[in-house]
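One-letter residues, chain by chain:
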Amino acid sequence: MDMERAAPETGIRWTMPVDAFMSDDYECHESRLNKLYEKAKGAQWDVATDVDWKSELDPDNPLGMPDPTLLIYGSELWERLDTKGRKEVRHHAQGWMLSQILHGEQAALICASKLASAEDSLSARLCAAVQVADEARHVEAYAKLVNEKLTVSYPMSQSLKGLLENTISSSALDITNLGMQVLVEGIALSIFQNVVAYSKDPFIKDLFTRIHRDEARHFAVGRITLTRIYSEMSSTELKEREEFVSEGARVLYDHLCADDIWSPMGFAKEACSAMVRESRVASSIRRAIFRRLVPTIRELGLLTPRVRDTFEKLDVIDYEAMPLAGGEP
Ligand SMILES: [Fe+2]
Ligand SMILES: [Fe+2]
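Once a new chain begins, its residue numbering starts again from 1 and follows that chain's sequence as written. Chain letters and ligand numbers both follow the written order, the letters beginning at A and the numbers at 1. A pLDDT threshold of at least 70 governs which residues receive local features in this predicted model, and a stricter bar of 80 or more applies before side-chain atom pairs are shown or counted, although totals over entire chains, interfaces and linings include all residues. Side-chain calculation: all heavy atoms of the structure are included, whereas hydrogens and water are not.

Going by the annotation in an unreviewed UniProt entry, the name recorded for the protein is Ferritin-like domain-containing protein, with Pendulispora brunnea given as the source organism.

Structure representation (structure tokens):
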């Protein structure tokens, strides 16, 4: 397949209100966060030298993922496609997903730098500082993967753009934390887990396992910090967080339909978008990606009637009972 790229974006500038907080307390008071900081320091790795970039990916299926993980698998359209058509769908679906992840990683780098500058607690601030290095590594890795190993890349989806802007430009530090470390990373962690579980390619498995390990720490830091903050917050302030979670969950659920991939392949966008929304295969793929997020929202104390209503409408509320797994040492 020829190199094919969607029109390059020149970039966006968002305003990020942030305090440069100079604390006079140099004690690290939060032992769970301190352990995560220690773990993070010992878990640094090098994108350039620790993974095998010389490894060749399958030209028919770069990520080595099974076809039933594709949103249109089993549909009439899928059945009609020949070998070449199916290959094109894999390239676009994987190129789209990795491009969105790459944009998300850049946003994570920005958010972590904000938290490192403004967190009150030195324990949280050191975790955020080492996260900046982690996210730099993830940007490096996914940019290399998209630019050198894939044939298709995409700009940020409109829905992801809106959520990231709200997350980055909020004047409330906990909203930045909630949007990035819980919503976006909660969804990303499930996607990475799927790749680790299903990819047939050893290089892809290795790369995603390493990144997944880093992300699980970030997700754990977010949970610990926010559980403390939300247990002390007034109901009026919590309402705004409920709104944010409800809206963010809806946006991410919609984002996962990957509406932007149809027109570049010459398919009717509206018909394909509708087909994905009605497909049982696609719904179960999208639902499963919420398996971490829903129990985390429960643990944060944000599974209020309003948020519950959103999760019920998205048909993901049954993950409420799932235990929280991984992340902490
Ligand atoms: Fe990351
Ligand atoms: Fe992260």
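Next, the rest of the story.
A. Highlighting the coordination of the iron ion (ligand 2). Any N, O or S atom lying within 2.8 Å of the metal counts as a donor, with the limit raised to 3.2 Å for Na, K and Ca; because water is left out of the atom set, some sites can appear incomplete. Glu135 (OE), Glu185 (OE), Glu215 (OE) and His218 (ND1) make up the full set of protein donors to the iron ion (ligand 2), lying at 1.9 to 2.2 Å. Just to be clear on the cut-offs, tetrahedral is four donors with all angles between 85 and 135 degrees, square planar is four donors and octahedral six with opposite donors over 155 degrees apart and all others between 65 and 115, and anything else goes down as irregular. What the 4 donor atoms of the iron ion (ligand 2) show is an angle range of 91 to 150° at the metal, which sorts the shape as irregular. Spacing between the donor residues of the iron ion (ligand 2) along the chain follows E-x49-E-x29-E-x2-H. The iron ion (ligand 1) is placed at 3.2 Å from the iron ion (ligand 2), the two being bridged by Glu135.

B. Spotlight on the packing of helix H4 (residues 83–118) against helix H5 (residues 122–149). All axes here are fitted lines through C-alpha atoms, helices being fitted over the stretch that makes contact, and every angle between N-to-C directions spans 0 to 180 degrees. Only runs of H or I of at least four residues qualify as helices and only runs of E of at least two qualify as strands under DSSP, and these elements are numbered from the N terminus. Look at H4 against H5: their axes get within 8 Å of each other, and the N-to-C directions meet at 160°. Classified by the angle between their axes, H4 and H5 sit roughly antiparallel to one another. The hand of the H4/H5 crossing is left-handed. What sets the label is the angle itself: under 35 degrees gives roughly parallel, over 145 gives roughly antiparallel, 65 to 115 gives roughly perpendicular, and the rest give oblique. Two helices that cross are described as forming a left-handed crossing if the nearer one is turned anticlockwise from the farther one by less than a right angle, and a right-handed crossing if clockwise.

C. Just the packing of helix H6 (residues 158–169) against helix H9 (residues 235–255), in detail. Between H6 and H9, the least distance of the axes is 9 Å, while the angle of their chain directions is 150°. When the axes of H6 and H9 are compared, the pair comes out roughly antiparallel. The crossing of H6 and H9 is left-handed. Of H9, the residues touching H6 (which contributes Ser159, Leu160, Leu163, Asn166 and Thr167) are Phe244, Gly248, Val251, Leu252 and His255. Note on residue categories: nonpolar means Ala, Val, Leu, Ile, Met, Phe, Trp, Tyr, Cys or Pro, charged means Asp, Glu, Lys or Arg, and polar means any other residue, Gly included. Within the contact of H6 with H9, the residues separate by chemical class into 5 nonpolar, 5 polar and no charged. In what follows, residue pairs with any heavy atoms lying within 4.5 Å of each other are defined as contacts.

D. Local environment of the side chain of Asp201. With respect to the element layout, Asp201 can be found in the loop between helix H7 (173–198) and helix H8 (202–231). For every residue, the accessible area obtained with a 1.4 Å probe (protein chains only) is divided by the maximum for its type, and the residue is called buried under 20%, exposed over 50%, and partly exposed between those limits. Here Asp and Glu are counted as negative and Lys and Arg as positive; His is not counted, and neither are the chain ends. Any carboxyl oxygen of Asp or Glu within 4 Å of a side-chain nitrogen of Lys or Arg constitutes a salt bridge here. Although buried, Asp201 forms no salt bridge, and the nearest oppositely charged side chain, Lys149, lies 8.4 Å from it. Under this definition, polar contacts are N or O atom pairs within 3.5 Å; protein pairs additionally need one hydrogen-donor-capable and one acceptor-capable atom, and for neighbouring residues in sequence, both atoms have to be side-chain atoms. For Asp201, the side chain forms a polar contact with the main-chain nitrogen of Ile204, separated by 2.9 Å. Beyond its immediate stretch of four places on either side in the chain, Asp201 contacts Ser55, Glu56, Leu57 and Leu63.

E. How the structure looks around H9. For a helix, the expected span equals 1.5 Å multiplied by the residue count minus one. Between its first and last C-alpha atoms H9 spans 30 Å; for 21 residues at 1.5 Å apiece the expected length is 30 Å, and the two agree. All of the buried residues along H9 are Leu238, Arg241, Glu242, Phe244, Val245, Ser246, Gly248, Ala249, Val251, Leu252, Tyr253 and His255.

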